[in-house]
Every structure is written in structure tokens, then in C-alpha cells.
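Inside the fold
Spelled out from the first residue to the last, the chains are:
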Amino acid sequence: MLEVQDLSMRFGGLLAVDGVHLDVQNHEIVSVIGPNGAGKTTVFNCVSGFYKPTGGKILFEGKEVQGKPDYKISRLGMVRTFQHVRLFGQMSVVENLLVAQHRHLNTNLLSGLLKTPDYRSREKRSLDKAAYWLERVGLLELANREAGNLAYGQQRRLEIARCMVTEPKLLMLDEPAAGLNPAETNDLNQLIMSLKEDYNVSVLLIEHDMSLVMDISDRITVINQGRPLASGTPDDVRQNDDVIKAYLGEA
Amino acid sequence: MQDLLYFSQQLVNGLTIGSAYALIAIGYTMVYGIIGMINFAHGEIYMIGAYTALIAITGLATLGVAWLPVILLVALICAVIVSSSMGWAVERVAYRPVRGRHRLIPLISAIGMSIFLQNYVHLAQGSRNIGFPALIDGSFRFGAPESFQLSLSYMQITIFITTLICMTLLSLFISRSRIGRACRAVSQDLGMANLLGIDTNRIISATFVIGASLAAVAGLLLGMYYGSVDPLFGFIAGLKAFTAAVLGGIGSIPGAMLGGLILGVSESMTSGYLSGEYKDVVSFSLLILILLFKPTGLLGKPEVEKI
Amino acid sequence: MATHNLKHALFCAIVTVVIAYPILGLDLVAQGTQIGLEGATPTTIISIFLAAGIVFLFQLFRDNIMGNLGKLPKLNPLSGREPMPAEKRAKVEAWVLTAIIVLALFWPFVVSRGSVDLATLVLIYIMLALGLNVVVGLAGLLDLGYVAFYAVGAYTFALLYQYFGFTFWMALPVGALLAATFGMVLGFPVLRLRGDYLAIVTLGFGEIIRILLNNWTAVTGGPNGIGGIPDPTLFGMEFGRRVKGEGNTSFHETFGIAYSGEHKVIFLYLIALVLAVITALVIRRLMRMPVGRAWEALREDEIAARSLGLSRTAVKLSAFTIGAFFAGFAGTVFASKQGFISPESFVFLESAIILAIVVLGGMGSQIGVILAAIAVTILPELAREFSDFRMLVFGAAMVLMMVWRPQGLMPMRRIPISLKRQE
């Protein structure tokens, strides 16, 4: 589904990412791990189109997407969350989900102004979908609350729900467990598993804490200082000497 | 020969105006460099400097003081004191309380301040333009007397020299003094400077005071050069100086100087070869083109979007 | 009391005198060809020192004052009441609004001509402010050259009339669409700029358009402007004493009533009222449509919006274009109301006034913006002495609002969306 080949990204004199390979198959959870500052988020920003990579290829469903603008990549079905939650803070919870569905709603202005039947039925569908996902992440009661006023864990779940209403093929999560307590982290892992099992979404996950992703990942890629270090099943990675030296050893 | 003289005349005029723009532009660029906001009221600070200088000159004339150096020095000191106090007060009242909020909020506050100051002077001193006495008269002339003569007035020379002195002092201040070094630290990383024990509030105040002082110097110089002031005196000049700052790369002090000179020359060339009416159009177009194609300006540093 | 506080208070008081005394206390006056200096009245001098004294005392006891202010109970009369349920509230609002509109329809027949004229101006400002509210309040794009689109609307009508004999009704859609086109063409290159740069660039555009209007004398009449712009007609009936247009009849003769200059004023008012109501309703509808939500999403977090597939340029451009469209609307009405336009009417100050209306009313809030437009336009007329201080007060109010209440006097309220549970 997603294939990243020899990706590199240079900021001025700094080579933040150098020769990273990645691939995500259908129906798979892949994690990218590495210590802080290893270049994980930069990889993410390149894949999601926020940065133009300075080298390498990114293929999504066989088509080259590197250097495409971010919103176009998102429209292809790769949607991401952010390390520091980015919600539309002054908008209500349900509005956050409606914004995400704009493409499924985007009929012309006139039909909206005149409230044609077609427009109404589309609007109803998107409201239903929003309600469904709010219930799924346990935020239905808070639908009309201001998103910025939610508790941190709720904001994280809302951000994931907001991605899911766009019906992505690949969901990219940037340190989704950051700032969550163990119980919340556990819930989150179950949610991620269920996204894969029940909704057939592939997941690409960034995490700096390796233990969090061992249980749910099908495969793991480790990067360190911008360079790929190891990759394979959780067990492979756990036993990889380089990884133990560079990463687990120090922790 | 004629054409060359005419061209040189435009060049001289442009460099004169341009160096004064550069003085004003420093205020924009330093404030932007430190707190990332456009100090929209800076043009008004410059206008108030010009008014204060005129008031001081008139006052001295009433008292019978006639020795030019004394008049200029006193006018300069008065203008600097009043403008820098104004700059300090504006930051305290309108900017500090909104620092760190959504980007539009400080900007709207600054626009409000600009409107307020314009009308403050308008109400106190009337809306008519008031003649500014030409204290520095005379000029050097080049070229045959019966044809076009290049004139380099003493006023223009004064503007060049004063700007040069101010810029040298500023550079020395920034590079050598304790406050200057702190200024650079704060513009690199405000939060970090705070952690290192630098009193960032004081540094920000100092930035406003320095910018306002230079604007006051420009107010005195351009007041004499143009020969009159009015409450709207600062608005267009402020926009021009901001353009100069953006042109050179906002946040960069040498950039502001370079931007001022380029802007001044391109304006006077427009006046000289097209029409004076369109010189503002040219500077605004220049601003728009720079922002579109090279938003970091000529000497600015690129910004990486943080995600 | 710490000496630090005393020093600071003294310093603030001195600064107050320094920035107030030269400008306020010494007046430059023309004496023949020379200028002289005159001291201001004793009242002014006393007020300056009084102000310095107040600043001194405030800074000296600042901590105590601020501490006590925090302890005061909130003086909000509404906070004690039980909030109305959302649906009931919406119903009450709808009734109140209908009542106001009906009242506004009959009101011009009982008041003086001058009041109706002023009310028309208020309605024009309401249209402008509602349009700018889309750009600034909803999409979060600070447009300081908004008046340019107003000018495009007005000049479109004036020029189309002058060269092609267009009537008001033909020019109205053309003016609005042309303003919208201008918005799109000007907006396209500049909208990827960051917020504060955008503000300056739009300001530059506004000035460029004004300078061009001022200097393109052959077409626009330059600073002399264009006069003789006709009034709107009602199904071919004119409101003047004598009929000017070919094939038109006159209003008073058709209905067999005596000619009165008031008919025209009232008719124009009614047109402005209808257009303002349309503006408000259309924008209200847009706010609840995907495009409206996209505007707000982009204002709230541009990066998140992009990550969800919103095209930054398309969303911003739509806000810019729609804002410009309504400014064009307002411009056409303005040209017809004045009968004469010149670049004087489209200076930066106008943009600033409209922005002040949006900021005071509450960015994004329609009712707030409408009330602010009424207040800002009518207050200077009610108190003539106040009109000199108008811009001074607006400027100060903008600063104070940003410091204390950036959401405006009547902040935008979110409309709850009811979600039915899945069956």
C-alpha cells in the first residue's frame, strides 16, 4: 500500500532523514520507533506532504506521491494525526468531524443555500457518520462542547475519530499515546487494533516508547539519527543487537 | 551628459529618502525580529517625532535662540525623548497585554493604536499641514548653469551623514553592549532567553525605545526635507518603511538599510521618469512582489514551518 | 510599599507628561507666514497633570487594585439566570428578528427624511461589516484593503451608467460580481501569505486601487469623481420630479400622488434593507454549510485543516470572494444613494472603520456586528461634538477590546447540532 524508498530530507546543512525505507501492506499495523530527535516526525511530514523530501520516492498504491501538496495526499486516503493534538479548538466536537467530511459534502454553493433534497440527504449522512464515530470513541455526550475544552485523552480520541470520518485507507498516528495514562493507553491500543480489524484500515504509527507498540504492531522499523537501523517483526527487533545497543540499552 | 546628470539627480534624491526610510524601517525590523509582530503604530511614532521637533524649533525661535547647531541638537533630543517615551508607552499599553495571543490580536491592537495616535495629534494640533522651516539651506550644484543642474543640497548631505552615524551607533550597540547582546539572544529564542535569566520584558521595551528613537531622528530629518508635517505624515511613510524592512528581509538590520535604499531609489526613478503620482503604486507593487516571490526578503533567513 | 513600585510609578507618571505635554500643551499656530507656539488652555494643562497623577497612583497601588478587581463578584446580570434551552432560544430569536425587520419596514414612513437617509447609510455599513466578518471573523484573514471592493462596486455602477446607461438594477449584480472577481484575482496570489503579511498586502492593494482611481482621470474623472448617478427605479418608475430615462414613467404620476422627495429616500432605504437582510441570511446559511465550517477550521488550525484534505487556497479564496461580493453590493447602493462618488470615499480609514465594527461587535458574530454597525454609524450623528473624537475613540476601543475582550461585545455563539442516536 505505502512504500517509502530511500527517503532523505535535508534542512540547510542538517540531514534529518537519510535513506529511510518503509513499507506498509494492506491490513497491517507498522510502527516507526526511535529515540527522540531520530527524525520520525520528519519522515511523517514528508509522507503526509507537509515537507517536500529532498530525495527518495514515496509510493502510495503504486503511484508516486512525493512532493504532492498535503491536502491532495490526504484526499488519496492517507490521513494523519499530530504529536501535539491539533483540533479546531473553538469549534464544537461534532463540527470538527463535519469539517473532516467536507469532501463528501462538497456540492455546489447554490444547492446548500437552497437546501435541496440532495444536499439535505448528504448532510444527514455526514451527521450520522459523525454521531457513529463519536459514540465509537465515547464522546457522543460531549458533541456540542467546544473541542478545545475537552480533556487531553478525549482530544486524542477526537483527533482519531476526525481522521476516521474521512474514510482513510492508511491512518498515520504521530505518538498517539503521548501524555496518556496507562489505562488510556490501553484503551487506545484496543481502538487501534479494532480500526485494523473492523474497519480494514492500515496504520502507520510513530512512537518513541518501544514497549507501547510491541503488542499491536505487525512490523516495526527502527530509525536512529535519521538513518534506518533495523526492521522486522517485534520479536526480530527486540533481539536485534544494533537496536539493543543504540536504543534499548540506553533506556 | 544631460541625461546622466538627470539620472544622478534621481539617484541622489532616492538615496536621501531611502536612507531616511531605512531609519524608520529599523523599528519595524527589530520589533518583528523579537516578538514577531508588525508594529503598525510605528509610522505614527515617527510622525510624533517630527511634530515634537517642529514644536521645539518653534519654541527656540520664540525664545530667540538662533545658533543652528543648538536648535538642531535640542530639537533632536526633544524628538527622541518624546518618541521613545511614546514607543515605550505604546508597547506597555497596547502590545504587552496581548503578547502571545492569536496572531491577529496584536495586529488589530496595533492598528487601533495607530488610528488613536493619528487622531490624538489631529485633535491637538489640527489636521492642516504645518510648514517646517528650512533650517539647512543651500546646495552644491554641478553642470553648466544654463542647462540641467545636478543639485546636492546640504540637507541631503545632512540626511546621509546622520543616517550613517545612527546606523554605526546601532551596530556598535547591538554587537558590543550588554543590552544589545541580550536583544540578539531574545530574537533567537525568547523562551530560552527567559530561562537564561534575561529580563525579556526589559529587552522588548528597549527594542521599542531604540526603534522609536531612530524614527524620531527620521522625523526631524524628513520634516525639514519635505518642509511640512501633518497628522497623516506617518501613515504612508510607515508603510514605505515597512516595505523596506520586508524587502531587505524582516528581522535583519542590514536588510532594513538595503531595503530602504532600494525602495527610495526605485521611488525617485518612478517620479523622475514616469510620474510622481505612481510612486506609491510602485512601492506597494514592489512589496507585493517581494512577499509573493521571496517572502524572506533579500537578507532574511528562511523559516521552516513547525508542525 | 516597595521602593521598586514607587520608582516605576514615578517613571510612568513622567512618561505620561512627556508624551502628552508637547503635543497637547503647546499648539503650533500660523502667525502670518511664520509659525508660532501658543500654550494650551489651563484646563488642558491641568488635565495632563491630573492624568499623570492618576497614572502614578494606579501604578503605585497596581497590585492592590488588580487584586481587588479579581475579588469583585462578576457583574454579569445574565450569568445568574438559567440559560434557555437551545431550541426555545432559537425560536425566540427568530421571532425577535422578524419583529425587528417588520418594524424596520414601516419605520421610514413615520420619521424624518434625514433619519431615513442615515438609516440607509447604517444598512450599507451593515452589509460591509457582514461581508468583512466572513473574511476576518470566520476565515481569520485580516483584510485591510476591503474598501477596494466597495470602490469596485460603486465605480462599476457609476462607469456603466456613464458609458452604457446601465440602471441600478442592471448594475447591482454586475457590480457585486465584478467586485467578487476582483477579490478572486487579487486574492489568488496573496492568500498563501501568513496572516500579518496578508494584512499589509491587502492594505497595499487597497491603496493601489484608490491611487489608480485618483489618477486615471480620463475614465474615472480622477479626484473630481463621477456625478449624476441615477436612483433606482421601481418597475420603470422614477422617483424624480421629471422623468429622465427613456420609456420610464414617474412614480408620483403613476399613482396620482403629489411629488415628494421623500419617496426616493424611502425607496432606497427599503432596497438597502432588503439587500442587508439577504446578505445576513445568505452568510448565516453559509456559516452552517461545509464551506463555512472550512473557513473556521482554517482559522483555528491551518495545518490540521490541510491534513484533512482542505485546500488552503480554495477555502481562503472562497471567503475572500464572498466578502468582496457583498462589498460590491454595498458599493452599488452607496453610489446610488450619494449620486456622486470620488476616491475620497474609499480611503484606508473606511477599511479601518469597517474593521472596527467587526472587532467591536465580535468577530464571527452576526448580531454583534449588526449592532456595532448601528452604534458606530449613529453615535457620531447623535452627538455632533463627539464626531471629532470618533476615530480617536474607535482606535482606543480597538486596543481595549483586544486587551480585555478580544471576542467582542457580543461574541459568536455556536449553534448546537442535534445528533440522533443510531438505531
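Numbers given for residues are sequential positions, taken from 1 along each chain in its written order. Ligands are numbered from 1 and chains lettered from A, in the order in which they are written. Given that this is a predicted model, residues contribute local features only at a pLDDT of at least 70 and side-chain atom pairs are listed and counted only at 80 or more, while totals for whole chains, interfaces and linings are drawn from all residues.

**Description of the overall build of chain B**
Rules: Secondary structure elements follow DSSP: runs of H or I of four or more residues count as helices, runs of E of two or more count as strands, with numbering from the N terminus. Two things to know: the radius of gyration comes from C-alpha atoms, and the globule rule equals 2.2 Å times the number of residues to the power 0.38. Backbone-placed C-beta atoms define the burial measure: a residue is buried with 20 or more other C-beta atoms within 10 Å of its own, exposed with 12 or fewer, and partly exposed in between.
For chain B, the count of helices and strands is 11 helices and 4 strands. The C-alpha atoms of chain B give a radius of gyration of 20 Å, which matches the 19 Å a tight globule of 307 residues would have. On the principal axes, the C-alpha backbone points of chain B span a range of 65 × 50 × 40 Å. Here chain B holds 307 residues, and the buried ones make up 51% of them.

**Side note on the overall build of chain C**
For clarity, the threshold we go by: Residues are scored as being in contact if the C-beta atoms we place from backbone atoms lie within 7 Å.
Secondary structure summary: chain C contains 17 helices and 4 strands in total. Here the C-alpha coordinates of chain C stretch approximately 85 × 85 × 50 Å along the principal axes. Split into buried and exposed, the 423 residues of chain C put 44% on the buried side. Taking contacts inside chain C between residues at least 6 apart in sequence as the whole, the part at least 24 apart equals 75%.

**Re the nonpolar core**
Rules: We define a nonpolar core as a collection of buried residues of the types Ala, Val, Leu, Ile, Met, Phe, Trp, Tyr and Cys that are connected via C-beta atoms lying within 7 Å of each other.
Among the nonpolar cores identified, the biggest contains 293 residues, and Met127(C), Ala129(C) and Ile357(C) are the most heavily contacted of them. In this structure, Met127(C) is in contact with Leu275(C), Ala276(C), Thr279(C), Phe326(C), Phe329(C) and Ala330(C), ignoring residues within four places of it in sequence.

**Points about the interface of chain C and chain B**
Taken residue by residue, the interface counts 41 residues in chain C and 49 residues in chain B. Those elements that provide at least two residues to the side of chain C that touches chain B are α1 (3–25), β1 (26–31), β2 (34–39), α8 (195–215), α15 (348–361) and α17 (384–404) of chain C. At 11 residues, α8(C) tops the list of elements feeding residues into the side of chain C that touches chain B.

**Structural notes on the domain arrangement of chain C**
You'll often see interface size given as the accessible area lost when the parts meet. Our working rule: Residue ranges labeled as domains rest on an automatic or database domain assignment.
The assigned domain composition of chain C is domain 1 (3–70) and domain 2 (89–404). One C-alpha centre belongs to domain 1 of chain C, the other to domain 2 of chain C, and the line joining them spans 40 Å.

**Remarks on the pairing of strand β9 (residues 219–224) of chain A**
Residue and element names in this part refer to chain A. The criterion, for reference: The pairing criterion for strands is at least two bridges between them, as found by DSSP.
Pairing between strand β3 (residues 29–33) and β9: 4 bridges, direction parallel. From the neighbouring strand, Val32 faces β9, where its bridge partner is Thr221. The antiparallel pairing of β9 with strand β10 (residues 227–232) creates a hairpin that spans 2 residues between the two strands, and Gln225 there sits at a positive phi of about 50 degrees.

**A short note on the packing of helix α3 (residues 93–100) of chain A against helix α6 (residues 117–136) of chain A**
Residues and elements named next belong to chain A. Threshold: Helix axes are fitted only over the stretch in contact, all axes being lines through C-alpha atoms; the angle between N-to-C directions runs from 0 to 180 degrees. The scheme is simple: roughly parallel for angles under 35 degrees, roughly antiparallel for over 145, roughly perpendicular for 65 to 115, oblique for anything else. Each crossing gets its hand from how the near helix is turned against the far one by less than a right angle, where anticlockwise is left-handed and clockwise is right-handed.
Remark: α3 packs on α6, axes separated minimally by 9 Å, with the N-to-C direction vectors making an angle of 125 degrees. Between α3 and α6, the angle is such that the two are oblique. For the pair α3 and α6, the sense of crossing is right-handed. Facing Val93, Val94, Leu97 and Leu98 of α3, the residues of α6 in contact are Ser126, Ala130, Trp133 and Leu134.

**Side note on the sheet that holds strand β5 (residues 63–64) of chain A**
Residue and element names in this part refer to chain A. Strand order in the open sheet formed by 4 strands is β2-β1-β4-β5, with antiparallel pairing between adjacent strands. Each having just a single partner strand, β2 (14–24) and β5 make up the two edges of the open sheet. Pairing of strand β1 (residues 2–11) with strand β4 (residues 55–60), which is carried by 5 bridges, proceeds in the antiparallel orientation. Along β4, the bridge assignment pairs Ser8 with Gly55.

**Some thoughts on the sheet that holds β3(A)**
Residue and element names in this part refer to chain A. In spatial order, the strands read β6-β7-β8-β3-β9-β10; together these 6 strands make up an open sheet with mixed pairing. Edge positions in the sheet fall to β6 (78–80) and β10, since each of these pairs with one other strand and no more. Geometrically, the sheet is characterised by an average inter-axis angle of 20 degrees between neighbouring strands, direction not taken into account. The strands that helix α1 (residues 40–47) touches are β3, β6, β7 (170–174), β8 (202–207) and β9; relative to β7, the one it contacts most, it runs at about 145 degrees.

**Comments concerning helix α9 (residues 233–248) of chain B**
Put simply, the rule is: One fewer than the residue count of a helix, multiplied by 1.5 Å, yields its expected span.
In a regular helix each residue adds 1.5 Å, so 16 residues correspond to 22 Å; α9(B) covers 23 Å between its end C-alpha atoms and thus fits that length. Following α9(B) by one or two positions, Gly249(B) has its phi on the positive side, about 105 degrees.

**Quick word on helix α7 (residues 152–164) of chain A**
Residue and element names in this part refer to chain A. Over its 13 residues, α7 extends 19 Å from the first C-alpha to the last, a length consistent with the 18 Å expected when each residue adds 1.5 Å. Extensive coverage of α7 is indicated by the burial of 11 of its 13 residues. Residues Gln154, Gln155, Arg156, Arg157, Leu158, Glu159, Ile160, Ala161, Arg162, Cys163 and Met164 constitute the buried set of α7.

**Side note on the packing of helix α2 (residues 42–63) of chain B against helix α3 (residues 68–95) of chain B**
Residues and elements named next belong to chain B. The cut-off we apply is this: Residue polarity follows a fixed list, in which Ala, Val, Leu, Ile, Met, Phe, Trp, Tyr, Cys and Pro are nonpolar, Asp, Glu, Lys and Arg are charged, and the others, Gly among them, are polar.
In contact at an axis separation of 8 Å, α2 and α3 are set at 145 degrees when each is read in the N-to-C sense. Where α2 crosses over α3, the handedness of that crossing is right-handed. Of α3, the residues touching α2 (which contributes Ile45, Ile48, Gly49, Thr52, Ala53, Ala56, Ile57 and Leu60) are Ile71, Val74, Ala75, Cys78, Ala79, Val82, Ser83, Met86 and Gly87. Looking at the contact of α2 with α3 residue by residue, the classes come out as 13 nonpolar, 4 polar and no charged.

**Digging into the environment of Gly67(A)**
All names here are of chain A. Mapped onto the elements of the fold, Gly67 is located in the loop between β5 and α2 (70–76). Looking at Gly67, the number of C-beta atoms within 10 Å reads 12, which means it is exposed. Considering only alpha carbons, one finds Gly67 and Met9, 58 residues apart in sequence, at a separation of 12 Å.

**Describing the environment of Leu204(A)**
Relative to the assigned elements, Leu204(A) resides in strand β8. Ignoring any residue separated from it by four or fewer positions in sequence, one finds Leu204(A) in contact with Leu2(A), Val24(A), Val30(A), Leu170(A) and Met172(A).

**A short note on the confidence of the model for chain C**
Residues and elements named next belong to chain C. Applicable threshold: The pLDDT score gives, residue by residue, the confidence of the prediction method on a 0 to 100 scale.
For chain C, the mean per-residue pLDDT works out to 85, and 94% of the residues sit at or above 70. Note that pLDDT drops below 50 for residues 75–81; the model gives that stretch 1 contact with residues more than four away or on any other chain. Predicted complex, confidence summary: ipTM 0.90, pTM 0.87.

**A short note on unusual backbone geometry**
Residues and elements named next belong to chain A. Backbone geometry at Glu175 places phi at a positive 45 degrees, although glycine is not the residue there. Positionally, Glu175 belongs in the loop between β7 and α8 (182–199). One non-glycine residue, Gln225, lies in positive phi territory at about 50 degrees. Its place among the elements puts Gln225 in the loop between β9 and β10. With 15 C-beta atoms counted inside 10 Å, the residue Gln225 sits in the partly exposed group.

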